[in-house]
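What follows is each chain in one-letter form.
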Amino acid sequence: MRLVLLGAPGSGKGTQAALLKERLGCAHVSTGDIFRKNLKKETPLGLLARSYMDKGALVPDEVVLKMVSGRLLEPDMKAGFLLDGFPRTIAQAEFLESFLAERGQALDAVILFDIGDEALVRRLSNRRTCRSCGAIFNLLTLDGDGHSCPACSGELYQRDDDEESVIRNRLKVFHDQTQPLIDWYGKKGLLSAVDASQAPEAAYGDIAAILKRHGAS
Ligand code: ADP
Ligand code: ZN
């Protein structure tokens, strides 16, 4: 399966991608995760991306496209992939379409994570990530002290870009630059929407039903 997960920051793409990756046995590519890994190692790509990420702005297309095309050529992509956080602009979507077409490939589906802005702000400002295992939690539903990971006892931290003023800007950027992709993929007949305001298990059930219609087991 070749899937794109499309949705605003905080809509649950990363959580669902982790579940889907297990089920489908295919590669999960999160452009945000790749930037954060580069930032941690202070690579040139990470340092360049930081200035944009800190403001909640998009990293320029040329930079993203160079990075993603390298990743798409890696051998594990042959079994299919889940793209999470890419494409985020029409230019990125056009690039992906021709990159795949040149290789006789195409997307199977684009899953739209549908949810309103207020729910997103509430979720993002309560989001915590485990420094050790990378699991994502929400303080509102987390069973625990909010400082240590229920799965591995690792330290939970808040992403820098989950600060409220940055969240507002990320949502604005989503509406301005990424929302047009909903129409774009809709016209191509690739789009299926999921109610992303539901609990993760319910959203996962809906996604599984969509994938079944697309022939996934
Ligand atoms: P979220 O979806 O929660 O905003 P991500 O982890 O997907 O978070 O992305 C974090 C940041 O990384 C974005 O705000 C942006 O600066 C940068 N980024 C990630 N993916 C892309 C992309 N496809 N194009 C441009 N910038 C990106
Ligand atoms: Zn953990």
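Given the structure is predicted, the values throughout are model-derived calculations rather than measurements.

Topic: the packing of aromatic side chains
Aromatic ring pairs are reported here in terms of the distance separating the ring centres and the angle at which the planes meet.
So, point 1. The tally for this structure, following the rule as stated, stands at two aromatic pairs.
So, point 2. Ring geometry for Phe95 against Phe99: centres 5.7 Å apart, planes inclined by 35°, an arrangement best described as tilted. Of this pair, Phe95 and Phe99 both sit in helix H5 (residues 90-101), four residues apart, roughly one helical turn.
So, point 3. Phe99 gets classed as buried once you look at its relative accessible area, which sits at 8%.
So, point 4. Ring plane angle 85° and centroid distance 5.1 Å describe the contact between Trp184 and Tyr185, whose orientation is recorded as edge-to-face.
So, point 5. The buried category is assigned to Tyr185, whose relative accessible area is 2%.
So, point 6. Arg131 extends its terminal NZ or CZ atom over the ring of Tyr157, reaching a point 4.4 Å from the ring centre.

What to know about the site of ligand 1
So, point 1. In the vicinity of ligand 1, 19 residues are found, and the nearest of them are Thr31, Arg36, Ala57, Gly85 and Arg170.
So, point 2. At a separation of 3.4 Å, an oxygen atom of ligand 1 approaches a polar side-chain atom of Arg127.
So, point 3. Protein coverage of the free-state accessible area of ligand 1, which is 540 Å², stands at 97%.
So, point 4. In the shell around ligand 1, the residues fall into eight nonpolar, four polar and seven charged.

Section: the side chain of Ser30
So, point 1. Of note, Ser30 is situated in strand E2 (residues 27-30).
So, point 2. Judged by its relative accessible area of 9%, Ser30 is buried.
So, point 3. A distance of 3.0 Å separates a polar side-chain atom of Ser30 from the backbone nitrogen of Asp33.
So, point 4. Setting aside residues no more than four positions away along its own chain, Ser30 makes contact with Arg36 and Asp84.

Examining the sheet that holds strand E7 (residues 156-157)
Sheets are built from strands that pair by backbone hydrogen bonding, the pairs being arranged parallel or antiparallel.
So, point 1. Strand order across the open sheet formed by three strands is E6-E5-E7, with antiparallel pairing between neighbours. Each of the sheet's edge strands pairs with one partner strand only, and the pair in question is strand E6 (136-138) and E7.

Reading the values: the criteria
- Residues numbered from 1 in each chain as written.
- Chains lettered and ligands numbered in written order.
- Predicted model: local features only at pLDDT ≥ 70, side-chain atom pairs only at ≥ 80, totals over all residues.
- Heavy atoms only, no water.
- Phe/Tyr/Trp six-rings, centres within 6.5 Å; stacked < 30°, edge-to-face > 60°.
- Helix = DSSP H or I, 4+ residues; strand = E, 2+ residues; numbered from the N terminus.
- Buried < 20%, exposed > 50% of the residue type's maximum accessible area, 1.4 Å probe, protein only.
- Lys NZ or Arg CZ within 6 Å of the ring centre and 35° of its normal.
- Near = heavy atom within 4 Å.
- Polar contact = N/O pair within 3.5 Å; in protein donor to acceptor, adjacent residues only side chain to side chain.
- Areas by Shrake-Rupley, 256 points an atom, 1.4 Å probe, with all protein chains shown as cover.
- Nonpolar A, V, L, I, M, F, W, Y, C, P; charged D, E, K, R; others polar.
- Contact = heavy atoms within 4.5 Å.
- Pairing = 2+ DSSP bridges.

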